[in-house]
Amino acid sequence: MLKNKIMIMFLGLSVVLAGCGFRDSQNASQTSNVTTESNKQASQQTANSNSSSKNTNVGSSPSSGTSTNSSKTPPNSPTIPAPGDINMSMVTAVRLADFNTGWVGGNGWIAKTTSEGKKWAVVYHGSGTVQQIFALNHSDVWVTMNQGATNSRLLQSGDGGLHWVIVGTTPNNAYLHFTSKTTALSGNDFSQDGGKTWHSLPTPKNMVGDAYFHDVKNGWAVTQSNNVFYVKRTIDGGKSWKTVITKTLLSPLAGALIRSAGTNDAWIELIGGTGMTQTSYSVFHTTDGGNSWKTVIANSTAGGGPAPGFSQEYNKGPFNKGSKPGPLYVINPQVAFMGGSCPACDKQNSIGWTKDGGKTWVNSNVTLEGYGEAYLAMADANHGWWITTENSKPSAMYTTLDGGIHWKQVHIFH
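The rules behind these values
- Residue indices follow the written sequence of each chain, beginning from 1 at its first position.
- The model is predicted, so local features are restricted to residues of pLDDT at least 70 and side-chain atom pairs to those at 80 or more, both for listing and for counting; the totals for chains, interfaces and linings are taken over all residues.
- Computation of side-chain values covers all heavy atoms of the structure but excludes hydrogens and water.
- The secondary structure listing takes helices from DSSP runs of H or I that are at least 4 residues long and strands from runs of E that are at least 2 residues long, numbered from the N terminus.
- Only protein chains enter the area calculation, which uses a 1.4 Å probe; residues under 20% of their type maximum are buried, those over 50% are exposed, and those in between are partly exposed.
- Residues are treated as being in contact if the distance between any of their heavy atoms lies within 4.5 Å.
- When DSSP locates at least two bridges between a pair of strands, those strands are taken to pair.
- Only a pair of cysteine sulfur atoms within 2.5 Å qualifies as a disulfide here.
- Only buried residues count toward a nonpolar core. Its members are Ala, Val, Leu, Ile, Met, Phe, Trp, Tyr and Cys residues joined through side-chain atoms within 4.5 Å.
- Angles run from 0 to 180 degrees between N-to-C directions of axes, and those axes are lines fitted to C-alpha atoms, restricted for helices to the stretch in contact.
- Scored from 0 to 100, pLDDT reflects the predictor's confidence in each residue.
- When a carboxyl oxygen of Asp or Glu is within 4 Å of a side-chain nitrogen of Lys or Arg, the pair counts as a salt bridge.
- Think of a 1 Å grid over the protein atoms and nothing else: a 1.4 Å probe that fits but is trapped marks a cavity, an open set flanked by protein within 12 Å on at least five of seven lines marks a pocket, and residues with an atom within 4 Å of a point count as lining.
- Grid points are joined across faces, edges and corners, and a volume is the space filled by probe spheres set on the points.
- Under the convention adopted here, Pro, Cys and the residues Ala, Val, Leu, Ile, Met, Phe, Trp and Tyr are nonpolar, Asp, Glu, Lys and Arg are charged, and Gly plus all remaining residues are polar.

Moving on, we get to the overall build of the protein. Per the secondary structure count, the protein includes 2 helices and 26 strands. Burial analysis of the protein (414 residues in total) assigns 48% to the buried set. Considering only contacts in the protein between residues 6 or more positions apart, those separated by 24 or more positions represent 43%.

Further remarks concern the sheet that holds strand β7 (residues 176-178). Overall, antiparallel pairing links the 4 strands, which are arranged β7-β8-β9-β10 in an open sheet. The sheet is open, and its two borders are formed by β7 and β10 (199-200), each paired with just one other strand. As judged from the 3 bridges shared by β7 and strand β8 (residues 184-186), these two strands associate in the antiparallel manner. Its bridge partner being in β8, His177 is matched across the sheet by Leu185.

Attention now goes to the state of the cysteines. Here, disulfide denotes a covalent bond that connects the sulfur atoms of two cysteines. Scanning the entire structure with this criterion turns up 1 disulfide. With a sulfur-sulfur separation of 2.0 Å, Cys342 is cross-linked through a disulfide to Cys345. Judged by the sign of its S-S torsion, about 60°, the cystine formed by Cys342 and Cys345 is right-handed.

We now examine the nonpolar core. Judged by nonpolar contacts, the single largest core of 31 residues is most densely connected at Met88, Val104, Trp120, Trp385, Ile387 and Phe413. Among the elements of the structure, β1 (93-96), β2 (102-113), β21 (349-354), β23 (375-378), β24 (384-390) and β25 (393-400) are those that each provide at least two residues to this core. With 4 residues, the top contributor of residues to this core is β23. Among the nonpolar cores identified, the runner-up in size contains 19 residues, and Val208, Val244, Phe284 and Phe310 belong to it.

The next thing to look at is the sheet that holds strand β16 (residues 266-275). An order of β15-β16-β17-β18 is seen for the 4 strands of this open sheet, with the pairing classed as antiparallel. If you trace the sheet from one side to the other, it starts and ends with β15 (255-259) and β18 (294-299), each paired once. Across the sheet, the axes of successive neighbouring strands diverge by a mean angle of 15°, strand direction being ignored. Sheet analysis places strand β17 (residues 278-286) next to β18, joined by 5 bridges and oriented antiparallel. Note that in β18 the partner of Tyr281 across the bridge is Asn299.

The next thing to look at is unusual backbone geometry. Trans is the prevailing form of peptide bonds, just as negative phi is the prevailing case for residues other than glycine. Note that the residue after Gly317, namely Pro318, is joined by a cis bond; omega there is 5°. With respect to the element layout, Pro318 can be found in the loop between β18 and β19 (324-330). Although it is not a glycine, Glu116 adopts a positive phi angle of roughly 60°. Structurally, the position occupied by Glu116 is in the loop between β2 and β3 (121-135).

Take the confidence of the model for the protein next. Scored by pLDDT, the protein has a mean of 85; 80% of the residues are at 70 or more. Segment residues 1-75 is flagged for pLDDT under 50; beyond a separation of four residues in sequence, or across chains, it makes 54 contacts in the model.

The full count for this structure, using the stated rule, is 3 salt bridges. A salt bridge links Glu116 to Lys118; its shortest N-O distance comes to 3.1 Å. What makes Lys118 partly exposed here is its relative accessible area of 44%. When the shortest N-O distance is used, the salt bridge between Asp140 and Lys181 registers 3.9 Å. Taken together, the residues span a long stretch of sequence, with Asp140 in the loop between β3 and β4 (141-146) and Lys181 in the loop between β7 and β8 at a distance of 41 residues. Judged by its relative accessible area of 55%, Lys181 falls in the exposed class.

With that out of the way, let us pick up empty space enclosed by the protein. Under the defined criterion, the tally for this structure stands at 1 cavity of 30 Å³ or more. In this structure, the largest cavity encloses a volume near 50 Å³. Lining the largest cavity, in full, are Thr248, Leu249, Leu250, Ser251, Gly272, Pro306, Ala307, Pro308, Gly309 and Phe310. For the lining of the largest cavity, a count of residues per class yields 6 nonpolar, 4 polar and no charged.

It is worth spelling out the environment of Val143 at this point. Checked against the element boundaries, Val143 lands in strand β4. The exposure class assigned to Val143 is buried, which follows from its relative accessible area of 1%. Along the backbone, Val143 and Arg153 are 10 residues apart, and their C-alpha atoms lie at a distance of 8.2 Å. Apart from residues no more than four positions distant in its own chain, Val143 is found in contact with Ile110, Val130, Gln132, Ile133, Arg153, Leu154, Leu155 and Trp164.

Right, dumping it as structure tokens:
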């Protein structure tokens, strides 16, 4: 008799436990791709952490240097809300670690993919709009969150985005890049403690746009005076500047953008006049420290006038599609991609590239819709991401496997 009672109690308990497991299983299956991907990522991180040595500092706060267990949330890390609470329709920044893995951000959120952009997991939710994302590798990532000032809040993750800490603020809104976990550069400012404190490097007078320092010694700047523009270079941290380009301007520069893929490498984009939704611009490239230059792009327009550095009659190019410049993405001294924009066209976004250091420029036949900013992130000369935006439509992501010739839509952000 007693034996039968024990058996009945055991069977009843088993039914209750099975019912709980069934309900949990149902709830998990009803979650969106964002939650599912986030859970997978967390499980992977936990497995990796358990299989590594006890000295692994996953989830450590860079401000304290104290190791924390990866299963615990570090200070300043947000609670990720339910997917339905996050509007991901407008992307404002993108960065990849490789073709499979990367991050995007928007108004108050950061998301990560490990599936070439097909699925995304929200890894941060907080105030401010993401301005820039920089990834040193798959683990070390930094994000700037604009809060309406001339600088931005700087967030850092050491585990690929699972946990975030607030490092401090950036000194400006120039292009941010890290050369190591501790050394960062933004315009003519640098940090050697991971972005906690910043120090300024000297710049020449009459500068247009931001200076660009490849490291704390080697930098570039564009200046203009009396209808002439100058490209200047420093190799001593801004103490002295040498002029490496001088060209006449028919109208003042409206802006300048500089990128570098090496100590002696520089890509200089100059923005000229604007009119009738058209903007003229030029791109010049050097691989030998400024001793010699190639004209990569010379886009003159009817509304914006001649490309900076060229005469009114010059119309030989090389041309990038579109009537305005789009995003410039430099991969190495030989390979760079650049978008074009045509506000008057049905499909506004185009893209072109050079794979021989600027000797030739090739334009893709693909054009995409999207009146807002476009964003590029290239893994190498053949694989990359292209994101288009529009205020009235969700942002869309496209990928290429053949160096920009063909693009496939892989995701719509909602």
